[in-house]
Each structure stands twice: as C-alpha cells, then as structure tokens.
Amino acid sequence: MGLSPSSLLDEHGSNYIRGCAEAELKEFGPHYRKQYSVVFFSQVQDELEQPNEKIKQLLKQRGPPEAGEVLYEEQVLHFEATRKWEERYVVVRGNYCLECHNSFETFVKGVPPRHKLLPTGGTVLTTEEKYMAMVDKCFPVSETNNENEKFAPPIIGMPGQFPVYLRLPYRRDYYFCFRQDARQAEFLSILSDCIRHQNQDFLKKKTVEVQAFLKAVHLYRQEKGSYDSWKMLIGSDVRVLANLVMEELLPSLEKDMLPHLKARKTERKRVWFATVEAAYILVQECLFEGMSALKEECRKAAHQQEVLIRSDMDQILNSRTYLEGKLRASVLESAEKFCSESVQPYLASVLEELMGPISSGFQEARLLSDSQMDQLCQDFQEGGVTNELKQALAKLSRPNLLSCYQRINSLHDQLHDLQERFGFSNISSLVHSTQIDLQQLVENAAYTFHLLLYKDIEDNPGNACSAMEKSRHRVLKQYDYDSSTVRKRIFREALVGITLPHIKKTLAPTYKTELQGLKQFIYADYSNYVHVHNIYEGILLQSLDKEVIKVVEEAARLKKHNLFTDTRDLLSQSSCSSIISTPINTSNPARMLGFPGQLQTQPEAEPQPPSLLSQRGPPGWGACPQGPGLCEGDPGPGGGVGSGEDGAALPR
C-alpha cells in the first residue's frame, strides 16, 4: 500500500516510523510470549479437570451471522476521493465490514467492491457544525496555527438534506448523504452496529491468542505506568498495537512536521491528516507481519511444551499454589483493607448508576419484542407456515433497537464522576459491550419464538392462534430470566472494570519491588506457566470480586429492576422446554480484564461466499419503516483499522 501523495512522509520519515513500530513490537513480544504460555497452560488444565458448573440461559442461543450474510444493502450517495458525489451500492455483511460497490449489478455479478471500510473506533455525526468541531479538536495547536483563521468544510454542495459524517481517528473520514430521513436512520443503525462489533468482537474471543494478547497489553501498559481502562483497546491485535505506536509517535510527528506547514488552515489540516493516515498505514503493515510471526512462534512453542504440561501438571500447580500462598501472606491483608475502606463503600452507589440506564434499555427491548410478536400473532391467526410468516419472522429477528441503545448510552451522563474518584473514563467501551449483549438477547428471543412457534403449530395445526400466544408468553418469561442473568454479569464486570485498575495503581508502589523478589520461588522448569504478576492480580481480583458479588446479589435480593437472585427463581418465572436451555460459562470478570482464568477456545467461523440477492432489483429511494435516529450522543472511543484474523487484508 503506497503513501498518500499529499502527505509529508519522505523515505527518511517512513523508515523512522517503521523503526518505531518494530521497536514497539520487540518490547511487547516478551510480555505476549509469557502470557501465551500461561493461558495455554490454563487451557490444558481445563481439559484435564472437571468443567465448571454452568448457568443455563432459557432462550435458545442464536449464533452470529455468517461472514457472507448480507445484513444491509442500499444505494447510497458517497463522497469520493475525486471530491465528487457518486451513487454507490453499499453492502454490510455478517463480518460488519462496509463494502462500496459500483452498482447493484456489479455486486450481483460478484465483482469485488471498490473498497472496504472497517469503521473501528468511528464516531458518527449528522451535522456539519458538530463534525467540524470534532475535526478542529483533532488538529494539534502549534505556533504556525492561527486559531482565528476559518477552516472550510471538506465538502460543499450536499446532494441531499440528510448527511452522515464518519470520523475515523488516524484515518481519512467518510461522508454519505441521503434524500430521506428514514433511509438515513436505517444507515445510521447499521453503521453504529458495525462500529460496536468492530470495536468489541475480536477482543471478546476466548482463544489462547486473544486472551494472551489482552493480558499482555494490560501488563505492558502497567509497566509504563498506565493502569487506566484504555479507550484505544479496540479492534484486532494489530490495530491495538498500532494505536499504542501512534500514541507515542504523534508528538514527534507534530514537532517535526507541523512547522513545515505554511499554507492556509484548510490545506494544513488536509496535509496533516493525510500524513497521519500514511503513518498509520505504515505502522499497521509492519506490525501485521511481525505479529503474525510472533503468534506462529508461540503456537509452535506451546505445541512443544504440551507434553511437559500434561506430565507435570500436578507439580506446576503445586508450584503456583506455593507462590500464591507467599503472595497472599504479604498482599491480602492490605489489599482487603484498601478495598474495604476506599472501594467497597462506593460499590452500591456506582451499581445504582449502572442499573438505571442498562435496565431501562433491556426493558424497552422487551416491550419492543412483545409488541412485534403480538402483531405477528394478530397478522397470522389462520395458521400454517407460509412464506409471509417466514418473512415476518426474519424481520422480527433484527428490530430497530436505536431507542434502547440511547437509553444505555445515557451512562455517559450517569458515570461522569467516576473519572475523579477511580480514574475511569472509558464509558464508551462499557456502553458498546452492553449494547451488543442486548442485541444478542433480542435476537435470541426472536430465534426462540421462531422455534417454539413452528413446534406448536406442528403439534396443534388446528389452533394456530392459541399456539402463537403460548409461544409468545413463554418467550417473554424466558427473556425476563435471561435478562436478569445477562445484566447481573454486566454489572459485575463493570464494577470490577471500574475499580480494579484503581486498586492496582494505588498498591503498585508498595509491592512492585516485593513482586520482583518473589520470582526466586518459581521452579525454573515451570517459569513459563507460573508468573508472579498474574497470581498477584488474581488475588486482588478475588478480593474485589467478593465484595462486588455481595452488592449485586443484594440488589437481586431486593428485586431491583426485576433482577432474580438465583436459579430457584427460574422455577417460578419460566417453564423450560426440551428445545431450550442453552448452557453458558459462569461469568468470570477476569476474562474482561485479560486475566487467564478458565478459558475455552472456540473454533473460528469459516469465511462464507458472497450472498448474492440476484432475485431482487436495486432498491429505489422509497420510504423505510424504521424511525429516525441520530448517533452524535454515542461517541466512539477512537481507534483505527488494521488486520482482522491472521492472513486478512488491511481494508480501508
């Protein structure tokens, strides 16, 4: 991928940037190798021991969409690099990548798209004023900048009344336009879905590679003195590392390059952002190759270590237990004291702030699902599985949840005081993760209704109306129980994520030297699988989680926001059918923090061929049934594009 012709990067600058990326990866590599061995050991341990007790969700789990499944397709006005508006056929598939095709015809023929866009870390805006204000904030101030000089907008002459601005950190921005607000609302909804999933999906995987990477990043940043919940921890491993490099690289780029920009402000900004994008592309290309080699090295090493792990499992566990005993004797008392004095008194109040917006969003989603199921029951009272019923069920599986998301998004206002007390500011990550959980729950409800409805119609073909109502009520009861289970997990993870970094940062000066000294108690042959910092943070986590569980369970005992206490509530709230009950792993907040607890690897989905809807003609400019909605209130946490899985390309 070549450099942008409008950037300031010459060969010397490019070599310097490559050197920075290589140095970062070299410094990060030892952390990743250590954590890979620890997580791989935990995986083997899980295979040899009895599985943990599992919590059952009543709703049938709907799997993620296939990578090639088309979730959205529409004729959209796009502002091209030629600085002209062109109609493009925009497609979003199940991998939440946005494709721009020349036309519907080229899409159907299987012609590759003009370009692909992964909107990782994006912020969506719908007014020029808010967009220009955000761009201004991203342009560094220097002696050459005249703050009174007006900055002309990047585009002139909108072809429609409903624009969409997509602001992407470290990359060029994208502009779209619509002639109807309903069309704009539909695009905003799918674009926001893409941002959420591109930010979160990779890092939620339970593979050894991802879990080792998460823990390595946390420890790597802590070594540099950063304990906060990092806003740029989004996207793939390469994107995350690229964000690390760019944070350190930007100040030097500003110092070296901005003084050479003597043009008007509009031109200076254009050249500056082109330079940043060119630098970001170089960083990703370098890291993509290096990270692929590092992961392959770790896979081979783990394969070689597996025989030793299986044969010496008991000795390794004894070594870890011995070290944990040493750590507990020196750490636990002061950690529990700090937690009880400086964290525990605030947990209940923070939980209250969390429960309101999140439970409100889940309740509105329940009402929406109920309304849609009720309407479907009224429309198809005659019974029988018809094509019209199948289409209605398909529509039910993907409702417009924008209003539900907006309720959850109010966490930005509810939790603003957490920065001062706990140093927590990464609310966007919590919001996006919660919205994905809500989306999954609603899809599970629709999928379960689908299965129950077909079964009940088959069992009672002469009484379809009664069968539909029966299925609807069962799904709602099961939704209530699963909603409680999911929200309790969200609350528990959020409380840990908000407060644990504060505990670690506060205690770090006290135990940093002592932790180094404890490495002598690790048997050399087992040093790959037993690490002092992992055990230390596990002790802190257990101490905190004990208090967090008490607070969450007390809220459930008081039936706050329709939370249930335990599985005994299941018997009074829902009836379980033979086709329902999907087991899920007991929640472990350590996973969210990259702590290698009980891990299970999951096979990755194979890429799917394009889903060509050749029986449809290209959509026109008609109205859309979904209501309007804006996204300015849901700022993305920042980030950029990089590689997806191993061997994946680097789309724009």
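Just above, that's the structure.
What you see is a predicted model, and the numbers here were worked out from it, not measured in a lab. (Residues numbered from 1 in each chain as written. Predicted model: local features only at pLDDT ≥ 70, side-chain atom pairs only at ≥ 80, totals over all residues. Heavy atoms only, no water.)

Caption draft 1: Seen up close, the pattern of salt bridges. This model, assessed by the stated rule, comprises 38 salt bridges. Here the salt bridges share partners, and the residues they tie into one network are K204, D437, R489 and E493. (Salt bridge = Lys/Arg side-chain N within 4 Å of Asp/Glu carboxyl O.)

Caption draft 2: Seen up close, the sheet that holds strand β2 (residues 70–79). Strand order in the open sheet formed by 7 strands is β5-β4-β3-β2-β8-β7-β6, and the pairing between neighbours is antiparallel. Strands with a single pairing partner mark the edges of an open sheet, and in this sheet they are β5 (115–117) and β6 (123–125). Between one strand axis and the next, the sheet turns through 35° on average, direction left out of account. As judged from the 3 bridges shared by β6 and strand β7 (residues 162–167), these two strands associate in the antiparallel manner. Residue pairing across strands places L125 opposite Y165, the latter belonging to β7. Sheet strands touched by helix α4 (residues 181–200): β2, β3 (85–93), β4 (98–101), β6, β7 and β8 (174–178). Its angle to β7, the strand with the most contacts, is close to 15°. (Pairing = 2+ DSSP bridges. Helix = DSSP H or I, 4+ residues; strand = E, 2+ residues; numbered from the N terminus. Axes fitted to C-alpha atoms, helices over the stretch in contact; angles between N-to-C directions. Contact = heavy atoms within 4.5 Å.)

Caption draft 3: A look at the packing of aromatic side chains. Tallied over the entire structure, the rule returns 22 aromatic pairs. Cluster of aromatic residues (ring-pair linked, three or more members): F28, Y32, Y36, F213 and Y220. Seen from the ring of F273, R167 lies directly overhead, with NZ or CZ sitting 4.9 Å from the centre. The positively charged end of R421 is found above the aromatic ring belonging to Y346, 3.8 Å away from the centroid. (Phe/Tyr/Trp six-rings, centres within 6.5 Å; stacked < 30°, edge-to-face > 60°. Lys NZ or Arg CZ within 6 Å of the ring centre and 35° of its normal.)

Caption draft 4: Just the pairing of β8, in detail. The buried fraction of β8 is high, at 5 of 5 residues. Of the two faces of β8, the one carrying Y174, F176 and F178 and the one carrying Y175 and C177 are both buried. Relative to β8, β7 runs antiparallel, the two being bridged by 5 bridges. Considered in β8, the bridge of P163 is made with C177. Hairpin connection from β7 to β8: 6 residues lie between these consecutive antiparallel strands, with Y170 at a positive phi of about 70°. (Buried < 20%, exposed > 50% of the residue type's maximum accessible area, 1.4 Å probe, protein only.)

Any link to function would need more than the numbers given here.
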